[in-house]
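Observations on chain architecture
The primary structure of each chain is shown beneath.
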Protein chains: 2
Amino acid sequence: MKKNAKAEKILDVALLLLKNEGDYGVTMRKVAALADMSLSNVQYYYKTKDALLKSMADRYFQSCLEQIKKIDTIQSDDCWKLEIEKLLRGFLVHGLEVTDMCRLFREYWAISTRNQAIDEHIKQYYREMVVILSDKLRPVAQSEQGLAKAVSVIIPFSEGYSITALAMPEDINSITSILQSLVVNLLQEQ
Amino acid sequence: MKKNAKAEKILDVALLLLKNEGDYGVTMRKVAALADMSLSNVQYYYKTKDALLKSMADRYFQSCLEQIKKIDTIQSDDCWKLEIEKLLRGFLVHGLEVTDMCRLFREYWAISTRNQAIDEHIKQYYREMVVILSDKLRPVAQSEQGLAKAVSVIIPFSEGYSITALAMPEDINSITSILQSLVVNLLQEQ
DNA sequence: TCACAACTAGGTCACTCGACCTAGTTTTGT
DNA sequence: ACAAAACTAGGTCGAGTGACCTAGTTGTGA
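The residue numbers shown here count from 1 along each chain, following its written sequence. Here chains are named by letter from A upward and ligands by number from 1 upward, in the order in which they appear as written. Only residues with pLDDT of at least 70 get local features here, since the model is predicted, and only at 80 or more are side-chain atom pairs given and counted; chain-wide, interface and lining totals rely on the full set of residues. Based on all heavy atoms of the structure, the side-chain values leave hydrogens and waters out of the count.

Each partner contributes residues to the interface: chain B has 42 residues there, and chain A has 43 residues. Of the roughly 3600 Å² buried between chain B and chain A, counting both surfaces, carbon and sulfur atoms make up 72%. By definition here, a salt bridge exists when the distance from a side-chain nitrogen of Lys or Arg to a carboxyl oxygen of Asp or Glu is within 4 Å. Inspection of the chain B/chain A interface yields two salt bridges. The shortest N-O distance in the salt bridge between B:Glu107 and A:Arg114 comes to 2.9 Å. We define a polar contact as two N or O atoms separated by no more than 3.5 Å, with the added condition that, inside protein, one atom must be a possible hydrogen donor and the other a possible acceptor, whereas residues neighbouring each other in sequence contribute only through side-chain atom pairs. Here chain B is connected to chain A by eight residue pairs in polar contact (both at pLDDT 80 or more). Listing elements by their share of the side of chain B that touches chain A, those giving two or more residues are α1 (5-21), α6 (100-112), α7 (116-137), α8 (144-164) and α9 (172-187) of chain B. A run of H or I in DSSP counts as a helix once it spans at least four residues, and a run of E counts as a strand once it spans at least two, with each numbered from the N terminus. If you tally residues by element for the side of chain B that touches chain A, the top one is α8(B), at 14 residues. The contact criterion used is simple: two residues touch if any of their non-hydrogen atoms lie within 4.5 Å. Summed over both partners, buried area is the accessible surface (1.4 Å probe) that two parts give up on being assembled.

With respect to spatial proximity, 16 residues lie near DNA strand D, and among them A:Lys6, A:Ser40, A:Asn41, A:Tyr45 and B:Arg29 are the closest. Working definition: residue near molecule or strand if any one of its non-hydrogen atoms lies within 4 Å of it. Close to the protein, within 4 Å, the atoms of DNA strand D belong to sugar or phosphate groups at a rate of 48%. Take A:Lys6: an N or O atom from its side chain is 2.6 Å from a phosphate oxygen of DNA strand D. In the model, a phosphate oxygen of DNA strand D is placed 3.5 Å from a nitrogen or oxygen of the B:Thr27 side chain. For the surface near DNA strand D, the leading source of residues is helix α3 (residues 39-45) of chain A, giving four residues. Taken together, the residues that form the surface near DNA strand D break down as five nonpolar, six polar and five charged. Polar here means any residue outside two lists: the nonpolar Ala, Val, Leu, Ile, Met, Phe, Trp, Tyr, Cys and Pro, and the charged Asp, Glu, Lys and Arg; Gly therefore counts as polar.

Attention shifts here to the protein's contact with DNA strand C. Taken together, 16 residues lie around DNA strand C, and A:Arg29, B:Lys6, B:Ser40, B:Asn41 and B:Tyr45 are the ones closest in. Counted by atom, the contact set of DNA strand C within 4 Å of the protein is 47% sugar and phosphate. Here B:Lys6 contributes a side-chain N or O atom positioned 2.6 Å from a phosphate oxygen of DNA strand C. Here the surface near DNA strand C gets four residues from one element, more than from any other, and that element is helix α3 (residues 39-45) of chain B.

Take a look at the structure:
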């Protein structure tokens, strides 16, 4: 049994609560009950609720970035445009069903409007996402300028699509195709 | 003094609280205090908290749609592409600063993941937004197909941009320009 | 004028919350 | 072996919460 196993389990359970019941739904007592330990025990690992919320955000945004890093870099071979489409589809698929990731981000977007620290976390997350995604696309980009434009289109669109997708008249295939040709054009910009 | 003046004031105050403190921040007592009336008085107009939250959502999404309806229809004159740009800028400007509208939508996006009724409200809102925006753009659309694609791009992008704008490398002018030429192309699709 | 509905105010109830306190038990380092 | 640190458990406290109750006051229509 790892030393930090309980502290990790508390974070797991707390994120589960955040996902299902929102930030005010995360109470020390509920966390304790779901983690199958006493209230005082939770409070031993996280002295205050703020400390718990901070640790949750630290770990969650970190894990999300690591997930993005796992995406394959687009290689400059003869089917790179197809690879772009696959990459875009991977982002847009969050619009079809509300995934755990979607739920947590929606909570954090809301919290960020009333919590300076979370707001900074999210901004930093998207800044790092820009860097990571740029690295993935750089091999097929004709200019840094075009690359910057491409990521500045992909990221906002995929976030917005995760919210609005089910209400749009065009389906994901059509949208992916439109976005793909736009991104390809931007990447080919001199 | 209108008959419903108090009921309306309660909704005003409650939306203010929702914006600033989230859904759990809306308590009957806080609403009463801010509306300068007694707790029982608030509870007279809205028997339960659920009833209050429902009325808030009903009125808010309604008012948002009416705001969108006020946007000028794009006329098919010789400067329609410039009008498109102006329209897009109006949407994207929500990315530069977190407006009241942004804050409330972020709250509702989060609430919708755990509240069926709000989820339906939001879906319906975006569906109506599709219709309204389509009407604005139809005069310059070469086909219904292209029109559907255009709105299916504009709406998700503007929502996502309101969240991510400040972390993107490209500024609003560059983004607006990219989106404008994309939308113009889609509208000219046969 | 009078009855009835609309409205207002103050209070109580059981419940939940984060923070704190105290007293044990286990583990660790020397 | 033993002291200190790490950990666990149970209890209490004041502050809020939504729902509910009762008793007044004002307004309106017949």
